Amino acid sequence: MSVRGVFFSCGATTIPVLRVLAARFAVVVPFESSVDALARQGVRAVPWTAFETPDDHEQVAVAVARIAPAWSAALAHRAERLCVWAGRRRADAFLPALDVLVRERLPEHLRAVALGRRMAASGRLAAIVTHEDVTGLVRGFIAGARAGGVPAVHVPHGVYSEEAVAGADVHGALRADVLAVGGPVQRHWFARRGVAPERIVVTGNPCWDAWHRVRPAAPGALGLPPGPVVALATSWWGGESAHGAFVAADQERRTRIALAALARVQARRPDVRLVVKLHPSAPPAEGERVAAWARAAGAAPALVTRDRLAEVLAASALLVTLPSTIAVESVLAGTPAIAVGCRYAGEAVVEGPLEAEGLGTLALGMVEGWKESAEFARRRRAFAALWDGPADGRAATRVATLVEALAGTARTEEAGHGAG
Amino acid sequence: MDGRRWARLAARRENELLRAVLAAPAAVLPAAGPGLGAVASPGVISDPRDLPAGAFAAVVDRTAGDAARLAALVRACRTGGTVAVVARGGESPDATTVTTLLEAAGCDLVRVVPYDLLGASSPWRGRLGPEAAALVAELDAQLASPAVRAAARLLEREVVAALPPAAAARALVVAHRRGTDQAAVREPSPPRGGPAFVRRALALMQDDAVVRFAAFLAAEVQPVLGLAGDFAAWLLDAASADGSGALASGRARAAGRSWYPGLDARRFVEAAAHRMARGVVGTLAAATPGDAALADTFEYPVLQVCNAGLDVCLGGR
């Protein structure tokens, strides 16, 4: 690596920044799979493993041998104290999995810390840009590299709503030096959780840049006959959420309410084309499940799709969605949105009631003419400023400029080792 | 932090309980302090044996004493009047002994109301061990939130009052002096957990700080006192009753959320999982002090394990 590098944890917010900075910095990514994916997009990247040495492996092994037994013993000693539910000590439900977690993940976490240290010491790492700083490997790398003076910028993606979070979530603390947030809403969210305001910069969200360039399209773009398109976006909060049974039931309930509401819309307006947009992370069987709910509700989807989001939004007169970033993306793309039982700051995303009749009436009133109205345009502009700051489609450039400015503060001496 | 916020809360609770039994003329020993309103106090008398016999409609002693002291209280009370004594958990005489002694001295028990669950002399604090200071400091920090103080007051009024007296730091023993034609009737325990309590509790749960306080109670208080009870299950059941979310809906809306049955249980489970994960990561960091940053890298995967473990405990509810 003859030029200084910038490490990217690859995600929706960092890929656009990576593309901007690739011309001036060597791109370092964590995994070989990311190298391959970027190569297909014409971006040359180096995996962080290129910086490992045999010494690193040996040091990690020594550290594992020292730390793993100490951690396992500490967990075993404290498990009864820590793992409590409903007034009962429940170490049995937690300790085995915690022990496996520590033993299995410790080597790779140590490796990430060591890589951060080594790359910082080499003087060839100018900066770190992260998509999310909650995963163990990214946190480890940041911890190692920051100790060596390398600045880190975190570019969060998720729209951290107040929907269910009890104010103690893992996203609320900053491990990087600077937080590049989409807009004032996100800045406020982090500030409320104690991130110092001077460490938060409003740049706009790079992964939303493209949404400002979406132009309305006719239903024919989706291969649908004429008639207003209403898209329903399902959600997927994942099996790793707290209270999984409730989360699954809640998603089903909201989706069924939305489908029942849209069935009412279609009963009044048979020309309405319903498009069901599945969450990209939803399991393969989700399409069949949602289709069955639609049949039960009397709704008739004209299309069920997992991708083509930009096309779907461009062609839609209205999006009805569960809590998701798609509500923001929809408005930025110029498509009004109703969020079922969830409020978003601003007036452009309308909070829909959690009952089919009211939701259907609300949706019916927005199917025709609202998307093109001056009032929606006004609300959209204000909403974009709240959620995407400058909202000019240049967030990636702005974050890149921020990274370059911080990179100027990073140590630049050549240490003479690491990958060349 | 040394538990001062809880102490103030418990003092107010005691005054609330005492005000409910005071009737003029009353004697309060030691002398009535602020918070009891206008009380016809006998002055600086601290020994009930110095009180005139049969002179008071209500006699209150904040320091439960021996049989002789209790008998003197009863003697100072008019027949049919009220004798109320503060018994302290873990100290002699406890509420049961005070009750027995008052009955032996000529009283009929009316009620026993435990309070001050987390106070300085509570069984909870007595069993905490080396983590006591940290937990009491955390309790005090949580009580900085007005919503948490409101939740703690509700807890004292509706939950602690129904616990066995031995679970709390103090209990007010209320009795009537026998001697009138009409015998005193022991009050039935007031109904607990009624619709008003449910509405109020769910409304308070819309505040994140209260959710974290509930997780604190579930993790740090329940097991120490051996109090069984699944708060998440209670939240699910309570929220399913018609009208239970009447207050909660408004509070949730103000916080930018839509309230619906089950949401509070989920928020509580989340807070419990986060608390547990924080404890696990803290344990790892403490085990190898030079690797605290490494322990922090485990926060997210540990949280996932805690979520999965709590799901097992929830049994699919």
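Predicted model only: the values in this text are computed from it and were never measured.

Below, the discussion takes up the overall build of chain B. Scanning chain B for helices and strands turns up 13 helices and 5 strands. Judged by the C-alpha coordinates and their principal axes, chain B covers about 70 × 50 × 30 Å. When the 317 residues of chain B are sorted by exposure, 53% land in the buried category. Counted over contacts in chain B with a minimum sequence separation of 6, partners at least 24 positions apart contribute 74%. Only carbon and sulfur atoms are counted for the fraction: they give 56% of the accessible area of chain B, which is about 12,600 Å². Seen as two clouds, the 34 positive and the 31 negative side-chain charges of chain B have centres 6 Å apart.

With that out of the way, let us pick up the overall build of chain A. Counting its secondary structure elements, chain A contains 13 helices and 15 strands. In terms of overall dimensions, chain A is globule-like: its C-alpha atoms have a radius of gyration of 24 Å, near the 22 Å expected for 420 residues. Considering only C-alpha atoms, chain A reaches an extent of 70 × 55 × 40 Å along its principal axes. Expressed as a percentage of the 420 residues in chain A, the buried residues total 58%. Put simply, 68% of the contacts in chain A that link residues at least 6 apart link residues at least 24 apart. As displayed, chain A has an accessible area near 16,300 Å², and 56% of this comes from carbon and sulfur atoms.

This paragraph deals with the interface of chain B and chain A. In this complex, chain B contributes 66 residues to the contact, which on the side of chain A involves 59 residues. For the pair chain B and chain A, the summed buried area comes to about 5,500 Å², and 62% of that belongs to carbon and sulfur atoms. For the chain B face of the interface with chain A, the top three residues by lost area are Tyr260, Arg266 and Phe298 of chain B, together amounting to 13%. Linking chain B with chain A are 9 salt bridges. Notably, a salt bridge pairs Arg81 of chain A with Glu220 of chain B, separated by 2.7 Å at the nearest N-O pair. Applying the counting rule to chain B against chain A returns 15 residue pairs in polar contact (both at pLDDT 80 or more). Of all elements in the fold, only α8 (208–225), α9 (231–239), α10 (246–254), α11 (263–287), α12 (292–296) and α13 (299–314) of chain B reach the threshold of two or more residues within the side of chain B that touches chain A. When residues in the side of chain B that touches chain A are grouped by element, the largest group, 16 residues, is from α11 of chain B. For the side of chain B that touches chain A, the per-class residue count stands at 37 nonpolar, 14 polar and 15 charged.

With that out of the way, let us pick up the sheet that holds strand β8 (residues 178–181) of chain A. Residues and elements named next belong to chain A. Reading across the sheet, the 7 strands line up as β3-β2-β1-β6-β7-β8-β9 and stay open at both edges, with parallel pairing between neighbours. A single partner strand is all that each edge strand has here, and the edge strands are β3 (45–47) and β9 (200–202). Ignoring which end each strand starts from, the neighbouring axes of this sheet average 25 degrees apart. Packed on one face of the sheet, helix α6 (residues 184–192) meets β8 and β9 and runs near 170 degrees to β9.

What follows covers helix α3 (residues 54–82) of chain A. Note: α-helices contain 3.6 residues per turn, so residues at a spacing of three or four share the same orientation. Along its length, α3 of chain A reaches its greatest deviation from straightness, about 35 degrees, at Ala76 of chain A. Regarding α3 of chain A, the residues found buried are Asp56, Val60, Ala63, Val64, Ile67, Ala68, Trp71, Ser72, Ala74, Leu75, Ala79 and Leu82 of chain A. Elements that come into contact with the buried residues of α3 of chain A comprise β4 (84–85) and α4 (91–122) of chain A together with α11 and α12 of chain B.

On to the side chain of Arg254 of chain A, then. Relative to the assigned elements, Arg254 of chain A resides in helix α7 (residues 244–268). On the basis of relative accessible area, Arg254 of chain A is assigned to the buried category, the value being 0%. Polar side-chain contacts of Arg254 of chain A include one of 2.7 Å to the side chain of Tyr260 of chain B.

Time to look at empty space enclosed by the protein. Residues and elements named next belong to chain A. Evaluated as defined, the whole model comprises 1 cavity of 30 Å³ or more. Put simply, the largest cavity is a space of about 40 Å³. As for the largest cavity, its lining consists of Thr234, Ser235, Trp236, Gln251, Glu252, Thr255, Glu286, Arg289, Val290 and Trp293. Mapped onto the lining of the largest cavity, the elements with two or more residues apiece are α7 and α8 (286–297). Broken down by class, the residue content of the lining of the largest cavity amounts to 3 nonpolar, 4 polar and 3 charged.

With that settled, consider the sheet that holds strand β5 (residues 170–177) of chain B. Residue and element names in this part refer to chain B. Taken in spatial order, the 5 strands of this open sheet run β1-β2-β3-β5-β4, and their pairing is mixed. The strands lining the two open edges of the sheet, one partner per strand, are β1 (26–29) and β4 (107–115). Neighbour-to-neighbour, the strand axes of this sheet turn through a mean angle of 15 degrees, independent of strand direction. The sheet contacts of helix α1 (residues 4–19) involve β2 (56–61), β3 (77–88), β4 and β5, and relative to β4 the element is tilted by about 155 degrees.

This brings us to the confidence of the model for chain B. In low-pLDDT segments, the atomic positions of the prediction should not be examined closely. Looking at chain B, the pLDDT average stands at 88 and 91% of residues meet or exceed 70. On the interface metric, ipTM, the complex scores 0.87, and its pTM is 0.87.

Residues and elements named next belong to chain A. Taken as a whole and assessed by the stated rule, the structure comprises 39 salt bridges over all chains. For Arg308, the salt bridge identified is with Glu311, shortest N-O distance 3.3 Å. Residue classification places Arg308 among the partly exposed positions, given a relative accessible area of 32%. A residue is classified by how much of its surface remains accessible, and Glu311, at 36% relative accessible area, is partly exposed. The shortest N-O distance in the salt bridge between Arg378 and Glu375 comes to 2.7 Å. With Arg378 and Glu375 both in helix α12 (residues 374–388) and 3 residues apart, this pair spans about one turn of that helix. Arg378 gets classed as partly exposed once you look at its relative accessible area, which sits at 36%.

Turning to the environment of Trp208 of chain A, a few remarks are in order. Residues and elements named next belong to chain A. Mapped onto the elements, Trp208 comes out in the loop between β9 and β10 (229–233). What makes Trp208 buried here is its relative accessible area of 2%. Along the backbone, Trp208 and Gly5 are 203 residues apart, and their C-alpha atoms lie at a distance of 25 Å.

If you look at the biggest cluster of nonpolar residues, it comprises 91 residues, and the most contacted ones within it are Trp85 of chain A together with Trp124 of chain B. In terms of residue count, α8 of chain B provides more of this core than any other element does, 12 residues in total. Setting aside anything within four residues of it in sequence, one finds Trp124 of chain B in contact with Leu117, Leu118, Leu135, Val136, Leu139, Phe216, Glu220, Val221, Val224 and Leu225 of chain B. Grouped together as the second largest cluster of nonpolar side chains are 60 residues, Ala231, Ala258, Leu332 and Leu359 of chain A included.

Geometrically, the link from Ala24 of chain B to Pro25 of chain B is a cis peptide bond, its omega value of -5 degrees lying close to zero. Checked against the element boundaries, Pro25 of chain B lands in the loop between α1 and β1. Look at Ala86 of chain A: it is not a glycine, yet its phi comes out positive at around 55 degrees. The phi dihedral of Arg308 of chain A is positive, around 60 degrees, even though this residue is not glycine.

Below, the discussion takes up the packing of aromatic side chains. On inspection of all chains with the given rule, the structure shows 15 aromatic pairs over all chains. Clustering of aromatic rings is evident, with ring pairs tying together Trp85 of chain A together with Phe197, Phe231, Trp234 and Phe268 of chain B. Residue placement shows Arg193 of chain A over the ring face of Trp189 of chain A; its charged tip is 3.7 Å from the ring centre.

What counts and how
Residues numbered from 1 in each chain as written. Chains lettered and ligands numbered in written order. Predicted model: local features only at pLDDT ≥ 70, side-chain atom pairs only at ≥ 80, totals over all residues. Heavy atoms only, no water. Helix = DSSP H or I, 4+ residues; strand = E, 2+ residues; numbered from the N terminus. Buried < 20%, exposed > 50% of the residue type's maximum accessible area, 1.4 Å probe, protein only. Contact = heavy atoms within 4.5 Å. Areas by Shrake-Rupley, 256 points an atom, 1.4 Å probe, with all protein chains shown as cover. Lys, Arg positive; Asp, Glu negative; His and termini not counted. Charge placed at Lys NZ, Arg CZ, Asp CG, Glu CD. Rg over C-alpha atoms; globule rule 2.2 N^0.38 Å. Buried area = accessible area lost by both parts, 1.4 Å probe. Salt bridge = Lys/Arg side-chain N within 4 Å of Asp/Glu carboxyl O. Polar contact = N/O pair within 3.5 Å; in protein donor to acceptor, adjacent residues only side chain to side chain. Nonpolar A, V, L, I, M, F, W, Y, C, P; charged D, E, K, R; others polar. Pairing = 2+ DSSP bridges. Axes fitted to C-alpha atoms, helices over the stretch in contact; angles between N-to-C directions. Bend = angle between axes of the 7 residues up to and from the residue. 1 Å grid on protein atoms, 1.4 Å probe; cavity = no way out; pocket = protein on both sides within 12 Å on 5 of 7 lines; lining within 4 Å. Points joined across faces, edges and corners; volume = space filled by probe spheres on them. pLDDT = per-residue confidence, 0-100. Core = buried A, V, L, I, M, F, W, Y, C linked by side-chain atoms within 4.5 Å. Phe/Tyr/Trp six-rings, centres within 6.5 Å; stacked < 30°, edge-to-face > 60°. Lys NZ or Arg CZ within 6 Å of the ring centre and 35° of its normal.

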